[in-house]
Amino acid sequence: MRAWSYTLLADEVLTLDAGETRYSPGAVAIEGDAIGYVGPPPREPGGTVIRLDGCVLLPGLVDVHTHTPMWLFRGLTEDVPRGEWLEGRMRPLEALVGPRELRAGALAGCLELLTSGVTTIADRYSDMGAVAGVVEESGLRAVVAHSLYDRDAERGLEETEALLERFGVDPARSRVWAGLGPHATDSCGPELLRRVAELAERSGARVFIHLAQAEGEVAAVRARGDAGCAMYLDELGLLGPTVVVAHGTYLTDGEADLVGRRGTAVAHCPSSNAKLEGRVAPVGRMRRAGAVVGLGTDAACCNNGMELFAEMRTAGLLNKVAADDPAAFPAADLLRMATTEAAAALGIGHLVGSLETGKRADLIAVDRRAPHLLPWHDPVANLVYAARGSDVSAVFVDGRPLVLDRRPVRLDAERILADATQAARTLAPLAVGR
Ligand SMILES: [Zn+2]
């Protein structure tokens, strides 16, 4: 008998392996931080047995674009005219908060993500040195990147080097690892991006950048003499499988094809794009051309929450409308974009994203005994179009239970929410346009 830490028994296991294997009923045994067994319930389950009656087990969700500290700003930037959101509304708010508030907001953001079934995030923000420790403390798996800007390039690169030193770049060695986070194609000129490309080459870190997220960004890049945001990145060698571009909202068809042809990873944040820009990014086109697409919630003030179940549903609805085709973006693809394909976008497809022996034990249980989830004819369609983050009853990361019976195990939710709410309290009267 192997030395299991836990055996999880559930009504159903959705492995999302290459063969779409399902077990009903099913079991997953955890050995340390890894999955030791997936299959029908064993005759003699080992370790601590956790019965997840009424639940379906599936891989933990992978959210490829978050800004956890911006939890603080939820509800303060509503219905803003196109082009005003970032500089006109967000920046003045961000100027009001210090590292203590950011940490409080980030921990609340991590709590929101974890309790709704997200087990991996790609988190980026300014002052990431202050925030990364909180992300680590939350128990989430995470790649963290400090946002780099021309206006503060030297300090930003120092902060980035410190993150690389502190966390390394190898997700197989560390649950939290570091990436490079140039902010966007307008706020980062060629000199800074060349240094980022060199640092990526030297360190092996992945690059995370916002791409064509606003009309002003496109205009600024063109004013600099480049044909478009994607062409600009391509000239610098910054399109490809180790680069994760977020949004791509204003890419031309030609640029979308170029992003795809390079095999670039794309963070698709449909609800954020819809709410802040009134647009659907050409993600179908990028994906058809070869892009690896993961779903991202973006920040809590963009959409207005970090809930990947909602994002799967929104991605399906908006992309069907954009394609003028109800058969576009089938549910199975959407679930992949929140699990296996999202993991591949972050370069961790060999570690997480599906439930297979030897992979890290990142998994969630969804309680399907709810009026909105029955009958259970089609598990994938139900998970994509009917399930909610609040249906998640258990969450494991690296084999450690972080949520059981819908309650966080290691985090003190009451204290975290009290601290973060207090940190956010002073902001409302000072928000522009309220
Ligand atoms: Zn973003």
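Scroll up to find the structure this text is about.
Residues numbered from 1 in each chain as written. Predicted model: local features only at pLDDT ≥ 70, side-chain atom pairs only at ≥ 80, totals over all residues. Heavy atoms only, no water.

A. Broad picture of the overall build of the chain. For the chain, the helix and strand inventory stands at 15 helices and 18 strands. Over its C-alpha trace the chain gives a radius of gyration of 21 Å, about what one expects of a compact globule, namely 22 Å for 434 residues. With respect to the three principal axes, the spread of C-alpha positions in the chain is 65 × 45 × 45 Å. Considering the chain as a whole, with its 434 residues, one finds that 60% of them fall into the buried category. Taking contacts inside the chain between residues at least 6 apart in sequence as the whole, the part at least 24 apart equals 73%. If you sum the accessible surface of the chain, you get close to 16400 Å²; carbon and sulfur atoms cover 49% of it. Once the 45 positive and 58 negative side-chain charges of the chain are each reduced to a mean point, those two points are 2 Å apart. (Helix = DSSP H or I, 4+ residues; strand = E, 2+ residues; numbered from the N terminus. Rg over C-alpha atoms; globule rule 2.2 N^0.38 Å. Buried < 20%, exposed > 50% of the residue type's maximum accessible area, 1.4 Å probe, protein only. Contact = heavy atoms within 4.5 Å. Areas by Shrake-Rupley, 256 points an atom, 1.4 Å probe, with all protein chains shown as cover. Lys, Arg positive; Asp, Glu negative; His and termini not counted. Charge placed at Lys NZ, Arg CZ, Asp CG, Glu CD.)

B. Expanded view of the packing of aromatic side chains. Applying the stated rule across the entire model yields one aromatic pair. Note on Tyr6 and Phe396: the rings are 5.7 Å apart at their centroids and 70° apart in plane angle, and the pair reads as edge-to-face. Of this pair, Tyr6 sits in strand E1 (residues 6-14) while Phe396 sits in strand E16 (residues 392-397), placing them 390 residues apart in sequence. A relative accessible area of 0% places Phe396 in the buried class. Just above the ring of Tyr149 sits the side chain of Arg151; from NZ or CZ to the centre is 4.1 Å. Here the guanidinium or amino end of Arg224 rests over the ring plane of Tyr232, the centre of that ring lying 4.5 Å away. (Phe/Tyr/Trp six-rings, centres within 6.5 Å; stacked < 30°, edge-to-face > 60°. Lys NZ or Arg CZ within 6 Å of the ring centre and 35° of its normal.)

C. Summary view of the pattern of salt bridges. Scanning the entire structure with this criterion turns up 23 salt bridges. Ionic pairing is found between Arg155 and Asp152, a salt bridge with its closest N-O pair at 2.9 Å. With relative accessibility at 30%, the residue Asp152 sits in the partly exposed group. As a salt-bridge pair, Arg202 and Glu161 come within 3.4 Å of each other at their nearest N and O atoms. (Salt bridge = Lys/Arg side-chain N within 4 Å of Asp/Glu carboxyl O.)

D. Main features of the sheet that holds strand E12 (residues 243-247). A sheet is described by the order of its strands in space; here four strands give the open sequence E11-E12-E13-E14, paired in parallel fashion. The open sheet is flanked by strand E11 (207-211) and strand E14 (292-295), the only strands paired with a single partner. On average, each strand axis in the sheet is inclined to that of its neighbour by 25°, with strand direction left out of account. (Pairing = 2+ DSSP bridges. Axes fitted to C-alpha atoms, helices over the stretch in contact; angles between N-to-C directions.)

E. Quick peek at empty space enclosed by the protein. Per the counting criterion, the structure on display carries two cavities of 30 Å³ or more. Estimated volume of the largest cavity: approximately 70 Å³. Forming the walls of the largest cavity are 14 residues, and the residues nearest its centre are Val64, His65, Ala122, Arg124 and Phe208. Within the residue set of the lining of the largest cavity, elements represented by two or more residues are strand E6 (61-66), strand E7 (118-125), strand E8 (141-148), E11 and E12. Classifying every residue of the lining of the largest cavity by side-chain character gives ten nonpolar, two polar and two charged. Here the second largest cavity is characterised by a volume of approximately 30 Å³. Surrounding the second largest cavity, Leu14, Thr15, Leu16, Glu20, Thr21, Arg22 and Val380 form its lining. Split into classes, the residues belonging to the lining of the second largest cavity amount to three nonpolar, two polar and two charged. (1 Å grid on protein atoms, 1.4 Å probe; cavity = no way out; pocket = protein on both sides within 12 Å on 5 of 7 lines; lining within 4 Å. Points joined across faces, edges and corners; volume = space filled by probe spheres on them. Nonpolar A, V, L, I, M, F, W, Y, C, P; charged D, E, K, R; others polar.)

F. Here's a closer look at the packing of helix H2 (residues 99-115) against helix H15 (residues 413-425). The interhelical angle for the contact between H2 and H15, taken along N-to-C directions, is 135°, at an axis separation of 8 Å. Between H2 and H15, the angle falls in the class oblique. Remark: the crossing between H2 and H15 carries left-handed chirality. Taken together, the residues of H15 that come into contact with H2 (itself represented by Arg100, Glu101, Ala104, Gly105, Leu107, Ala108 and Leu111) are Ala413, Ile416, Leu417, Asp419, Ala420 and Ala423. Residue classes in the contact of H2 with H15 are distributed as nine nonpolar, one polar and three charged. (Parallel < 35°, antiparallel > 145°, perpendicular 65-115°, else oblique. Left-handed = near helix turned anticlockwise from the far one by under 90°.)

G. Layout of the layout of surface pockets. By volume, the largest pocket amounts to about 610 Å³. Taken together, the elements giving at least two residues each to the lining of the largest pocket come down to helix H1 (85-94), E7, helix H6 (215-223) and helix H9 (270-277).

By themselves, these figures tell us nothing about what the structure is for.
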